[in-house]
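Residue-level listing of the chains:
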Amino acid sequence: MIAGLLSGDAPRSRILSALLLAILVALALAPFLFPGTRPLDVAAKVCVFVLLVASYDLLLGYTGIVSFAHTMFFGIGGYGVAIALSRMEPGWGAIALGTVAAVALSLALSFLVGLFSLRVKAIFFAMITLAVASFFAILASQLSDFTGGEDGITFKVPELLRSRVATYYLVFGVALGLFLVLLRIVNSPFGRVLLAIRENEFRAEALGYRTVIYRTLANCLGAVVATLAGALYALWLRYTGPNTTLDFSIMIDILLMVVIGGMGTMYGAVIGAAIFVVAQNYLQEAMKAFSGAMQGIPLLPDLFHPDRWLLWLGVLFVLSVYYFPAGIVGQLRARKKA
Amino acid sequence: MSHPVLETRGLTIRFGGHVAVNAVSCRFEPGTLTAIVGPNGAGKTTYFNLISGQLPASAGQVLLHGEDVTRDAAPVRTRKGMGRAFQLTNLFPNLTVLENVRLAVQARAGMGLNLISMWNSHIELIDKAENFLARVALAERRTALASELSHGDQRKLEVALLLALEPDIFMFDEPTAGMSVDEVPVILDLISEIKQQKDKTVLLVEHKMDVVRSLADRIIVLHQGELVADGAPAEVIASPVVQEAYLGVPARG
Ligand SMILES: Nc1ncnc2c1ncn2[C@@H]1O[C@H](COP(=O)(O)OP(=O)(O)OP(=O)(O)O)[C@@H](O)[C@H]1O
Ligand SMILES: [Mg+2]
């Protein structure tokens with residue numbers, strides 16, 4: 001039963017299992033364990049980013065595709081729901097329509113980008129995705145009648161979702177379900193072909209796999225899941241704007257989360273997103289407390305001034321990438337093997 | 001008239017000004033093993049690359065069962081029955097030995113686009129893969145990563161991937177190069193087993209003359225990209241052109 005849910009891909013490390021279980025329980029009981037708006041907000045963000053990062057890992061970690069268009073698909077999901085809910089009766093029908101339309105658009109875009117450019121060298125593909133994503137971000141800010149421009153769109157949600165707890169469980173449930181679907185995909189016969197392509201595309205072709213089909217399909221799957229993550233995020237925030245979805249800094253965040261958690265592991269997305277989102281939200285406060293406690297000692301209070309939090313986040317990442325090149329999950333699994 | 005299994009007509013490739021394979025026309029019949037010999041840089045591997053589609057021909061054609069496959073990409077030709085083992089070991093380094101073979105078995109079974117089932121649940125594919133590993137005497141190393149294998153074992157795995165494709169045409173490119181003496185017989189026995197099957201066609205690039213002599217039904221000689229001799233082993237080996245071109249003995253007269 002559990003093996004089936006995890007698609008036969010157990011964490012394979014006791015510490016990792018414990019960490020994952022702790023995160024799962026924390027997220028599942030978040031509304032009761034951490035009362036208050038802010039913690040629940042952080043928990044919902046973790047759920048959304050676990051899904052977003054896992055879908056990116058499908059591309060980067062499993063298939064070896066470097067794409068910078070992931071936030072574009074995330075944004076398409078967010079805008080799909082936002083536009084539908086702001087223009088129609090704010091009901092489930094609008095959510096469904098917005099989501100379906102967004103998924104269709106993402107599918108078409110990822111298919112086209114994939115088909116035209118996955119044949120070329122990885123670096124060109126990365127550039128093309130970067131160009132398409134930038135173009136899309138500009139488009140979103142220009143079509144302000146439609147997208148609300150830089151201000152974004154604030155919208156009403158259906159009756160049921162006016163309860164934060166209910167919305168939270170929608171986000172949590174969908175994210176968990178889709179994560180398990182991704183876990184199944186990477187552990188399917190198809191998933192192993194993706195690994196084969198990452199390892200040696202030339203040989204995968206020689207075995208009879210038409211790799212462009214596999215890469216395009218992976219690209220489309222990643223895009224669809226990112227779109228759904230975007231729709232969830234919009235429902236949670238009741239708002240979609242460039243800075244919550246399309247911003248390039250989010251793309252960088254995704255990359256960092258994948259790398260810190262461990263590429264090509266899926267579980268890395270859980271660990272990476274949890275650590276990153278929590279750090280992003282609480283590091284500043286931790287530093288404030290620390291800086292306060294250090295009052296009177298020269299230099300230290302300044303060094304740990306809350307305004308320096310980004311600097312420290314950066315330092316943490318450089319250290320973690322330097323010491324765990326295989327990411328946290330890779331490190332934990334390797335330790336067990338040794 | 002029935003078609004040969006495989007035929008090349010005027011097959012040519014140019015790299016800039018250098019003609020690596022020059023208008024090679026040749027037919028291959030089932031149930032035979034053809035050895036392809038020639039000095040280093042003669043174009044043997046390049047000829048293979050043209051046949052199995054790793055390189056695009058500059059001119060000429062490749063015909064498979066009479067069908068022109070010159071424009072088909074490598075994976076398409078593989079699905080049509082061509083199987084290739086590479087001279088330079090070409091594996092999936094960070095996957096296990098079993099996973100490597102399993103990928104070939106799965107390609108052959110056409111199951112690559114199955115996204116829903118668990119990789120581990122296809123017992124029949126795993127059994128098949130284990131069986132091919134046993135045939136190259138690698139069963140014990142099944143859980144090792146391909147990159148952890150010794151050179152000789154990597155060569156065996158390379159051969160196992162070819163076996164697992166169960167092709168009509170087996171193309172071996174120096175399969176025993178760099179293997180230790182006691183590992184070689186396993187591979188040679190396998191090749192001679194394959195050639196016993198009347199519907200299989202084997203192409204073997206090989207430098208070791210004793211191997212060629214014991215296995216080949218026919219030898220073709222490539223020299224500077226051209227086919228310079230073709231015939232029964234004893235005849236070809238004795239011919240002056242081979243003595244000169246391949247063995248470096250100057251031809252008399
Ligand atoms: N991709 C390529 N680009 C340019 N030149 C190439 C390429 N591939 C092969 N060649 C050249 O074509 C010639 C034939 O090489 P090939 O590898 O086919 O020889 P070979 O007969 O297999 O030799 P060996 O016995 O050493 O394996 C060589 O001169 C080689 O440098
Ligand atoms: Mg060669």
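Just so it is clear, the model here is predicted, and its values are computed rather than measured.

Novice: Please give an account of the site of ligand 1 that cites residues and values.
Specialist: All names here are of chain B. Close to ligand 1 lie 14 residues, the nearest being Asn-40, Lys-44, Thr-45, Thr-46 and Gln-87. Interatomic distance of 3.4 Å between a side-chain N/O atom of His-18 and an oxygen atom of ligand 1. One of the backbone N or O atoms of Gly-41 is found 2.9 Å from an oxygen atom in ligand 1. Starting from 640 Å² of accessible surface for ligand 1 in isolation, the protein chains cover 62%.

Novice: Describe helix α7 (residues 122–142) of chain A, and please don't skip the residues or the numbers.
Specialist: Residue and element names in this part refer to chain A. With 21 residues, α7 extends 30 Å between its outermost C-alpha atoms, agreeing within 8% with the 30 Å of an ideal straight helix rising 1.5 Å per residue. Residues of α7 that are buried include every one of Phe-125, Ala-126, Thr-129, Ala-133, Phe-136 and Ala-140, and no others. The arc that holds the buried residues of α7, viewed along the axis, is 100°, so those residues lie on one side. Structural note: α7 exposes Ile-123, Phe-135 and Gln-142 on the side pointing more than 90 degrees away from its buried face. The secondary structure elements touched by the buried residues of α7 are α5 (70–87), α6 (92–117), α8 (144–147) and α11 (211–237).

Novice: Give a detailed account of the pattern of salt bridges, specifying residues and quantitative values.
Specialist: A pair can form between side chains of opposite charge whenever their charged atoms are brought close. Tallying each qualifying case throughout the model produces 19 salt bridges over all chains. Residues Arg-198 of chain A and Glu-199 of chain A are paired through a salt bridge, measuring 3.1 Å at the closest nitrogen-oxygen approach. Looking at Glu-199 of chain A, the relative accessible area reads 15%, which means it is buried. One salt bridge connects Lys-80 of chain B with Glu-67 of chain B, and the closest N-O pair in it is separated by 2.9 Å. Here the residue Lys-80 of chain B occupies a position in the loop between α2 (74–79) and β6 (82–85), and Glu-67 of chain B occupies one in strand β5 (residues 67–68), the gap between them amounting to 13 residues. According to the relative accessible area criterion, Glu-67 of chain B is partly exposed, its value standing at 38%.

Novice: Break down the coordination of the magnesium ion (ligand 2) for me, with residues and values.
Specialist: Residues and elements named next belong to chain B. Every protein donor of the magnesium ion (ligand 2) is accounted for by Thr-45 (OG1) and Gln-87 (OE1), and the metal-donor separations fall at 1.9 to 2.1 Å. You can see Thr-45 sitting in helix α1 (residues 44–52) and its partner Gln-87 sitting in the loop between β6 and α3 (97–109), a full 42 residues away along the chain. Assessed through its relative accessible area of 24%, Thr-45 is described here as partly exposed. Gln-87 gets classed as partly exposed once you look at its relative accessible area, which sits at 30%.

Parameters and conventions
Residues numbered from 1 in each chain as written. Chains lettered and ligands numbered in written order. Predicted model: local features only at pLDDT ≥ 70, side-chain atom pairs only at ≥ 80, totals over all residues. Heavy atoms only, no water. Near = heavy atom within 4 Å. Polar contact = N/O pair within 3.5 Å; in protein donor to acceptor, adjacent residues only side chain to side chain. Areas by Shrake-Rupley, 256 points an atom, 1.4 Å probe, with all protein chains shown as cover. Helix = DSSP H or I, 4+ residues; strand = E, 2+ residues; numbered from the N terminus. Expected span 1.5 Å × (residues − 1). Buried < 20%, exposed > 50% of the residue type's maximum accessible area, 1.4 Å probe, protein only. Arc of directions from axis to C-beta. Contact = heavy atoms within 4.5 Å. Salt bridge = Lys/Arg side-chain N within 4 Å of Asp/Glu carboxyl O. Donors = N, O, S within 2.8 Å, 3.2 Å for Na, K, Ca; no water.

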